[in-house]
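Descriptive structure summary
Here is how the chains run, residue by residue.
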Amino acid sequence: MAELTRVAVLVSGRGSNLGALIAAARAPGYPARIALVLSNRADAAGLERAREAGLPTAVVESRPFGRDRAGFEAAMGAELDRAGAAMIVLAGFMRVLTEGFVARWSGRMLNVHPSLLPAFPGLDTHARALAAGVRLHGCTVHFVTPGVDEGPIIAQAAVPVLPGDDEATLAARVLAQEHRILPAALAWAASGRARLEGGRAVVEAAPAGGAIANPLPDPPFAA
Ligand code: GRF
């Protein structure tokens, strides 16, 4: 049996994506195991989720390091080394990483972002999608590169923006899709089916058929 890729999941908050990864990793044949859940906040609910699942956890508080990002990352690096992590998943990790750290983990670090990148990088994506009036919104899993939310895209899922949506309803619809595509993307990356090559993501997986249109065209235009 192939060796499972040891993954560190970095969280700052709720940890629902971590929960999806924990569930996925229990399935026979999943190519990764969660070797560490690391948080920059001792009060992150994701840590509790990890403990309940019996996973090793570590806390490296970012606050005491102030602007010393390299120092903070060196402390994280020590935990990652201790856990023997071969890959990192940023699952709601709210710190921007330095170029040095990102370079060290190039092609081995994924991030999940709640928009269809390159639209709406950064924060408050659902409010911004509603303000922009887009009809389709969604989420993205990408390899992490130094530019925030700019890395090569591994997977995306689109959802309709529905009449009456507010930030909460739209966020919930997107989050359900994050929970689908993040475990899938990690499985591909952990097994070498998603790779960073020449600055692009190569993904060996079945392409989706069909298309989403929102609103639905009326007959007779709807084929
Ligand atoms: C998710 O929406 C993720 O895309 C973003 O932060 C949120 C984290 O949620 N980066 P959770 O902690 O996984 O529940």
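A quick note: this is a predicted structure, and the numbers were derived from the prediction, not measured.

Conventions we followed
Residues numbered from 1 in each chain as written. Predicted model: local features only at pLDDT ≥ 70, side-chain atom pairs only at ≥ 80, totals over all residues. Heavy atoms only, no water. Buried < 20%, exposed > 50% of the residue type's maximum accessible area, 1.4 Å probe, protein only. Helix = DSSP H or I, 4+ residues; strand = E, 2+ residues; numbered from the N terminus. Contact = heavy atoms within 4.5 Å. Domains from an automatic or database assignment. Buried area = accessible area lost by both parts, 1.4 Å probe. Polar contact = N/O pair within 3.5 Å; in protein donor to acceptor, adjacent residues only side chain to side chain. Nonpolar A, V, L, I, M, F, W, Y, C, P; charged D, E, K, R; others polar. Salt bridge = Lys/Arg side-chain N within 4 Å of Asp/Glu carboxyl O. Pairing = 2+ DSSP bridges. Axes fitted to C-alpha atoms, helices over the stretch in contact; angles between N-to-C directions. Near = heavy atom within 4 Å. Areas by Shrake-Rupley, 256 points an atom, 1.4 Å probe, with all protein chains shown as cover. 1 Å grid on protein atoms, 1.4 Å probe; cavity = no way out; pocket = protein on both sides within 12 Å on 5 of 7 lines; lining within 4 Å. Sits in = over half its atoms within 2 Å of the grid points. Points joined across faces, edges and corners; volume = space filled by probe spheres on them.

Right, let's talk about helix H1 (residues 16-25) for a bit. Most of H1 sits out of view: eight of its 10 residues are buried. Within H1, the full set of buried residues consists of Ser-16, Asn-17, Leu-18, Gly-19, Ala-20, Leu-21, Ile-22 and Ala-24. For H1, the elements touching its buried residues are strand E1 (5-11), strand E2 (32-39), helix H2 (45-52), strand E4 (87-90), strand E5 (109-113) and helix H6 (167-190).

Let us look at the domain arrangement of the chain. A common measure of how large an interface is: the accessible area buried when the components associate. Segmenting the chain into domains produces domain 1 (1-105) and domain 2 (112-142 + 154-196). One C-alpha centre belongs to domain 1, the other to domain 2, and the line joining them spans 20 Å. Of the residues lining the interface, 16 residues belong to domain 1; the matching set on domain 2 comes to 12 residues. Interface area, domain 1 with domain 2, both sides summed: about 1,100 Å², of which 74% is carbon and sulfur. Between the two partners, domain 1 and domain 2, sit five residue pairs in polar contact (both at pLDDT 80 or more). Contributing elements (two or more residues each) for the side of domain 1 that touches domain 2: E1, H1 and E4. The dominant element in the side of domain 1 that touches domain 2, judged by the number of residues it contributes, is H1, at five residues. Each residue belonging to the side of domain 1 that touches domain 2 can be placed in one class, and the counts come to 12 nonpolar, three polar and one charged.

With that out of the way, let us pick up the pattern of salt bridges. Applying the stated criterion across every chain, the model contains seven salt bridges. Note that Arg-195 and Glu-204 form a salt bridge whose closest N and O atoms lie 3.0 Å from each other. Salt bridges sharing common partners tie together Arg-195, Glu-197 and Glu-204.

It is worth spelling out the sheet that holds E5 at this point. If you trace the seven strands from one edge of the open sheet to the other, you get E3-E2-E1-E4-E5-E6-E7, paired in mixed fashion. Of all the strands in the sheet, the pair left with one neighbour each is strand E3 (57-59) and strand E7 (153-160). Along the sheet, successive strands turn relative to each other by an average axial angle of 20°, direction set aside. For E4 and E5, the ladder comprises three bridges, and the chain directions are parallel. Note that in E5 the partner of Leu-90 across the bridge is Asn-111.

A few words on the site of the ligand. In the vicinity of the ligand, the contacting residues are Arg-14, Gly-15, Ser-16, Asn-17, Gly-92, Val-112, His-113, Pro-114 and Glu-178. The separation between a nitrogen atom of the ligand and a polar main-chain atom of Val-112 is 3.1 Å. Starting from 360 Å² of accessible surface for the ligand in isolation, the protein chains cover 85%. According to the grid-proximity analysis, the pocket containing the ligand is the largest pocket. Elements with a minimum of two residues in the shell around the ligand: H1 and E5. Taken together, the residues of the shell around the ligand sort by class into two nonpolar, five polar and two charged. Mapped onto the domain boundaries, the shell around the ligand takes at least three residues apiece from domain 1 (1-105) and domain 2 (112-142 + 154-196).

By volume, the largest pocket is sized at about 920 Å³. Lining the largest pocket are 36 residues, and of these Gly-92, Phe-93, Met-94, Val-112 and Pro-114 sit closest to its centre. When contributions to the lining of the largest pocket are tallied by element, the ones reaching two or more residues are H1, E5, helix H5 (125-132) and H6. Among the elements that line the lining of the largest pocket, the one with the most residues is H6, at five residues. Mapped onto the domain boundaries, the lining of the largest pocket takes at least three residues apiece from domain 1 (1-105) and domain 2 (112-142 + 154-196). Its boundaries defined by the atoms lining it, the second largest pocket holds a volume of some 480 Å³. Surrounding the second largest pocket, 19 residues form its lining, Gln-156, Ala-157, Ile-181, Pro-207 and Ala-208 being those nearest its centre. Of all the secondary structure elements, the ones that give two or more residues to the lining of the second largest pocket are E7 and H6. Partitioning the lining of the second largest pocket into residue classes produces 14 nonpolar, four polar and one charged.

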